[in-house]
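Commentary on secondary and tertiary structure
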Amino acid sequence: MVAPWLPSQQTPTFSSDVKVVNVLATVRDKHGQIVNNLTKDDFKLEQDGKPQTIKYFARDTDLPLKLGLLVDTSASQRRLIDQERTASYGFLNDLMRVDKDKAFIIHFDREVELLQDFTPSHDKLEAALDKLGAPEMQNSSGGSPGGGGGGGGGHHMGGGTTLYDAVYLASDEMMRKQDGRKAVVVLSDGVDNASKVSLDHAIETAQRSNTLVYSILYADPDAYSQGYPGGMGRHGGLGGGGMGRYPGGGGYPGGGYPGGGYPQQQSHPDGKKVLQRLSRETGGRFFEVSKKEPISQIYSQIEEELRNQYNLGFTPDKALATPGYHKITLTTANKDLTVQAQEGYYAAPEEKASAEKAKASE
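Per-chain numbering applies: the sequence of each chain, read as written, is numbered from 1 onward. This being a predicted model, a pLDDT of at least 70 is required before a residue's local features are given, and a value of 80 or more before pairs of side-chain atoms are given or counted; all residues contribute to the totals for chains, interfaces and linings. Only hydrogens and water are removed before side-chain values are computed, so all heavy atoms of the structure are retained for them.

A tally of helices and strands in the protein yields six helices and 14 strands. Residues counted as buried form 55% of the 362 residues belonging to the protein. Whether two residues touch is decided by their heavy atoms; if any such pair falls within 4.5 Å, the residues are in contact. Pairs at least 24 residues apart make up 80% of the contacts formed inside the protein by residues separated by at least 6 positions. A total accessible area of about 15,400 Å² is found for the protein, and carbon and sulfur atoms account for 49% of it. Working definition: helices are DSSP H or I runs of at least four residues, strands are E runs of at least two. Numbering for both runs from the N terminus. Under the scheme applied here, a residue whose accessible area is under 20% of the maximum for its type counts as buried, over 50% as exposed, and between as partly exposed, the area being computed with a 1.4 Å probe on protein chains only. Using the Shrake-Rupley algorithm and a 1.4 Å probe, accessible areas are obtained, with residue cover drawn only from the displayed protein chains.

Shown next as structure tokens:
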């Protein structure tokens, strides 16, 4: 069952023997500046180590952009919310073209909640950002972590961090059926202690939905010395009680897990390494907020990237058109240039080529 707030959309299908793989890429020179004047012949593309012919190529970014903003509102991020909100206002206002682009906003702490579904409206997005850090969000309704109210739709701040679940649900429930260019921006310290899905599964789901993940590491160095609560989390899917399609079955309305247990992770991976991997493997980019590089400056760089992407399409050789994961290597003839693109894609046996894998330039 699909969550009631999900957009109903028929995805155009193409002949099952024509499967075009779409790759979004950003190219930088040795000084880190974006290069946007390359041609198709400047690129070399391989799948699983075998050269492929680039059939479709576009430099323009007129394709509609579907953007997701995933904001960590767990206790360790509490003191950073105001700065994140202000910078996010400017980013969305500058980037979003009302006639073409749409964005959604999710916040996550001990559960994942959709604050605003896909919309082109700057006003609606601003209203959703206003909810971040609101007083009601700081009250963990239901008392103890295992108590009632875990999926009642209220806002929660604290009691755990479900980063991997947020990426999984954003990719699977929001992005999977969308066409065009797709990217999510994650604002977090990268520490997950309550997710139901693994980092591997979150990355795979982003890759399957052809979604670039941009990660912004924004850490409060004093947060973990404050004795904030750890990871006892409840999940109700997106929307706080909606149907979140986790692997292995439907969502769990009202939160909680079969048998009443909660995921326990005894040791936490390095948050920075988590976010770096998340972005590297999906074709996005990792950033870290610092005095030298404030969040507003980082948003400007992401905006520049999203406005200067190359869109390449290829049809894998028949011998390579097998189900499962396939590694992609995209390079340029100029050794001084660095190409940023997804590291691979998944081909499903029942999948028909959809619009998102259609030719890059129409």
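Structure's up, so let's keep going.
What follows deals with unusual backbone geometry. Note on backbone geometry: most residues besides glycine have negative phi, and most peptide bonds are trans. One non-glycine residue with positive phi stands out, namely Asp 48, at about 50°. For Asp 48, the position within the fold is in the loop between β2 (43-47) and β3 (50-52). Notably, Asn 210 is not glycine yet its phi reads approximately 55°, a positive angle. When you line up the elements, Asn 210 lands in the loop between α4 (199-208) and β9 (212-217).

Okay, helix α6 (residues 295-307) next. To estimate how far a helix should reach, multiply one less than its number of residues by 1.5 Å. Its 13 residues place the ends of α6 18 Å apart at the C-alpha level, agreeing with the 18 Å of an ideal helix rising 1.5 Å per residue. The complete set of buried residues in α6 reads Ile 295, Ile 298, Tyr 299, Gln 301, Ile 302, Glu 303, Glu 305 and Leu 306.

This brings us to the confidence of the model for the protein. Confidence of the predictor at the level of single residues is given by pLDDT, which spans 0 to 100. Looking at the protein, pLDDT values average 78 and 70% of them are 70 or higher. With pLDDT under 50 throughout, residues 248-267 is counted as low confidence; its partners more than four residues away or in other chains account for 40 contacts.

Moving on to the environment of Val 112. With respect to the secondary-structure elements, Val 112 resides in strand β7 (residues 112-119). Owing to a relative accessible area of 1%, Val 112 belongs among the buried residues under this scheme. Here the alpha-carbon distance between Val 112 and Asp 72, two residues 40 residues apart in the chain, equals 9.5 Å.

Before going further, it helps to examine the pattern of salt bridges. The salt bridge criterion pairs a side-chain nitrogen of Lys or Arg with a carboxyl oxygen of Asp or Glu, the two atoms within 4 Å. On inspection of all chains with the given rule, the structure shows 13 salt bridges. A salt bridge links Arg 85 to Asp 82; the nearest nitrogen and oxygen atoms lie 3.0 Å apart. With Arg 85 and Asp 82 both in helix α1 (residues 81-95) and three residues apart, the pair spans about one turn of that helix. By relative accessible area, which is 13% here, Arg 85 ends up buried. The exposure class assigned to Asp 82 is exposed, which follows from its relative accessible area of 51%. Among the charged side chains, a salt-bridge network with shared partners connects Asp 200, Arg 277, Arg 280, Glu 281 and Glu 343.

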